[in-house]
Amino acid sequence: MNFADLHLHTNFSDGTYTPEELTGRARQLGLAAVALTDHDTVEGCTRMAAACAAAGLEFIPATELTAEFDDNELHLLGYFVDTGNQTLLTEMVRFQKVRQDRVREMVARLNQLNIPLEADAVFALASCRSPGRPHVARALVMGRFCSSPDEAFERFLKKNRPAWVPKFKISALDAIALIHQAGGLAVMAHPGLNRTDGIIPDLVEAGLDGLECFHTKHPPSTSEHYIRIAKEFNLAITGGSDCHGLSKGKPLIGTVRLPYEYVEQLQARSRSKRSHAPAPRPALRAPH
Ligand SMILES: [Zn+2]
Ligand SMILES: [Zn+2]
């Protein structure tokens with residue numbers, strides 16, 4: 001049986017592997033298909049696609065957007081997005097600017113706590129356009145202010161800790177629309193972490209295409225719970241490890257093995273959606 005891992009990060013966001021290294025790991029693990037879901041960027045997709053093509057692996061371009069709905073934070077995965085879509089790219093530049101400003105703000109708060117970290121040290125270490133808290137954590141470890149990234153989160157960076165800064169988030173409805181206009185499928189990431197099942201019907205109404213039922217932090221009972229909900233709302237079932245390379249201890253790639261039939265179902269959904277595009281208002285579509 002073939003398996004896929006549809007939730008992976010590279011050093012184009014907060015993962016540690018390059019697209020080529022990640023592809024190498026996927027190949028070693030015998031995966032049939034992978035998706036790259038870096039935060040607020042699709043920059044790594046070109047290199048990952050090339051590496052996967054060379055390795056004989058199927059590749060799905062994607063991204064992960066941080067959004068909110070009714071004060072709940074959620075992450076939306078956009079699968080099969082057109083990585084050259086101008087509106088998507090413009091919006092991502094805006095999200096990246098927000099991330100960079102947030103890093104500066106977190107560093108300013110650390111400075112107030114007498115930790116002489118410099119924002120440039122974080123940016124140099126991140127060397128990507130989507131810096132985030134994991135990079136600040138690593139910079140704190142490198143500067144010997146903390147002994148591990150976990151300690152950095154516990155002491156400073158977790159929500160409501162002294163250097164935590166709230167993050168601007170796009171509304172989930174706008175995020176779904178943004179993914180759709182870029183030709184992608186919008187999938188709610190790791191719903192078991194957010195535990196906000198009540199918002200799922202509203203997201204479905206807004207065009208949500210799928211639920212990430214299988215995830216590293218979903219025990220089997222949670223996966224089964226979300227498979228039931230996905231079936232109830234006719235949503236695609238996806239899954240992935242959410243691997244960040246070595247930044248969160250052991251690399252997780254391949255620890256969640258999504259049966260390949262779900263990849264085929266996702267592809268079929270993508271094809272049928274594209275064949276009906278452009279159809280911004282389905283109600284006005286000509287009958288056929
Ligand atoms: Zn996430
Ligand atoms: Zn992720």
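Procedures and definitions
- Residues numbered from 1 in each chain as written.
- Chains lettered and ligands numbered in written order.
- Predicted model: local features only at pLDDT ≥ 70, side-chain atom pairs only at ≥ 80, totals over all residues.
- Heavy atoms only, no water.
- Helix = DSSP H or I, 4+ residues; strand = E, 2+ residues; numbered from the N terminus.
- Buried < 20%, exposed > 50% of the residue type's maximum accessible area, 1.4 Å probe, protein only.
- Contact = heavy atoms within 4.5 Å.
- Arc of directions from axis to C-beta.
- Polar contact = N/O pair within 3.5 Å; in protein donor to acceptor, adjacent residues only side chain to side chain.
- Donors = N, O, S within 2.8 Å, 3.2 Å for Na, K, Ca; no water.
- pLDDT = per-residue confidence, 0-100.
- Phe/Tyr/Trp six-rings, centres within 6.5 Å; stacked < 30°, edge-to-face > 60°.
- Axes fitted to C-alpha atoms, helices over the stretch in contact; angles between N-to-C directions.
- Left-handed = near helix turned anticlockwise from the far one by under 90°.
- Nonpolar A, V, L, I, M, F, W, Y, C, P; charged D, E, K, R; others polar.

(A) Quick look at the environment of Ile60. Structurally, Ile60 is set in strand S3 (residues 58-69). Take Ile60: its relative accessible area is 1%, and that puts it in the buried class. In this structure, the C-alpha to C-alpha distance between Ile60 and Ala206, residues 146 residues apart in sequence, is 23 Å. Apart from the residues within four sequence positions on either side, Ile60 is in contact with Leu6, Val34, Ala35, Leu36, Tyr79, Phe80 and Val263.

(B) Unusual backbone geometry, seen in detail. Unlike most non-glycine residues, Asn114 shows phi in positive territory, near 70°. Inspection of the secondary structure puts Asn114 in the loop between helix H3 (86-112) and helix H4 (119-126). Since its relative accessible area comes to 69%, Asn114 is described here as exposed. Notably, His190 is not glycine yet its phi reads approximately 25°, a positive angle. Tracing the backbone shows His190 in the loop between strand S6 (185-188) and helix H8 (191-194).

(C) Layout of helix H6 (residues 149-157). Along H6, the positions that sit buried rather than exposed are Ala152, Phe156 and Leu157. One face of H6 carries all of its buried residues, which in axial projection span an arc of 60°. In this structure, the buried residues of H6 make contact with H3 and helix H5 (133-142).

(D) Region of the structure containing the side chain of His7. Here His7 lies in strand S1 (residues 3-8). Within the structure, His7 has its side chain in polar contact with the side chain of His9 (distance 3.3 Å). At 2.7 Å, the side chain of His7 forms a polar contact with the side chain of Asp242.

(E) A look at the coordination of the zinc ion (ligand 1). Within the protein, Glu64 (OE), His75 (ND1) and His190 (NE2) serve as the donor atoms for the zinc ion (ligand 1), at 2.0 to 2.2 Å. For the pair the zinc ion (ligand 1) and the zinc ion (ligand 2), the metal-to-metal distance amounts to 3.6 Å, and Glu64 bridges them. Highlighted residues: Glu64 in strand S3 and His75 in strand S4 (residues 72-79), separated in sequence by 11 residues.

(F) Representation of the confidence of the model for the protein. Overall, the predicted model of the protein reaches an average pLDDT of 94, with 95% of residues at or above 70. Confidence drops under pLDDT 50 across residues 281-288; counting only partners more than four residues distant or on other chains, this segment forms three contacts.

(G) Representation of the coordination of the zinc ion (ligand 2) in the model. Every protein donor of the zinc ion (ligand 2) is accounted for by His7 (NE2), His9 (NE2), Glu64 (OE) and Asp242 (OD), and the metal-donor separations fall at 2.1 to 2.2 Å. Within one chain, the residues serving as donors to the zinc ion (ligand 2) are arranged as H-x1-H-x54-E-x177-D. Overall, His9 belongs to the buried group, its relative accessible area being 0%. A relative accessible area of 1% places Glu64 in the buried class.

(H) Seen up close, the packing of aromatic side chains. Tallying each qualifying case throughout the model produces one aromatic pair. Taken together, a centroid distance of 6.0 Å and an interplanar angle of 45° make the contact between Phe214 and Tyr262 tilted. Residue Phe214 is located in strand S7 (residues 210-215), and its partner Tyr262 is located in helix H11 (residues 260-276); the two are separated by 48 residues in the primary sequence.

(I) Just the packing of helix H1 (residues 19-28) against helix H2 (residues 45-55), in detail. The interhelical angle for the contact between H1 and H2, taken along N-to-C directions, is 35°, at an axis separation of 8 Å. Of the two possible hands of crossing, H1 and H2 adopt the one that is right-handed. Contacts between H1 and H2 involve Pro19, Glu20, Leu22, Thr23 and Arg27 from the first element and Arg47, Met48, Ala51, Cys52 and Ala55 from the second. The class makeup of the residues in the contact of H1 with H2 is six nonpolar, one polar and three charged.

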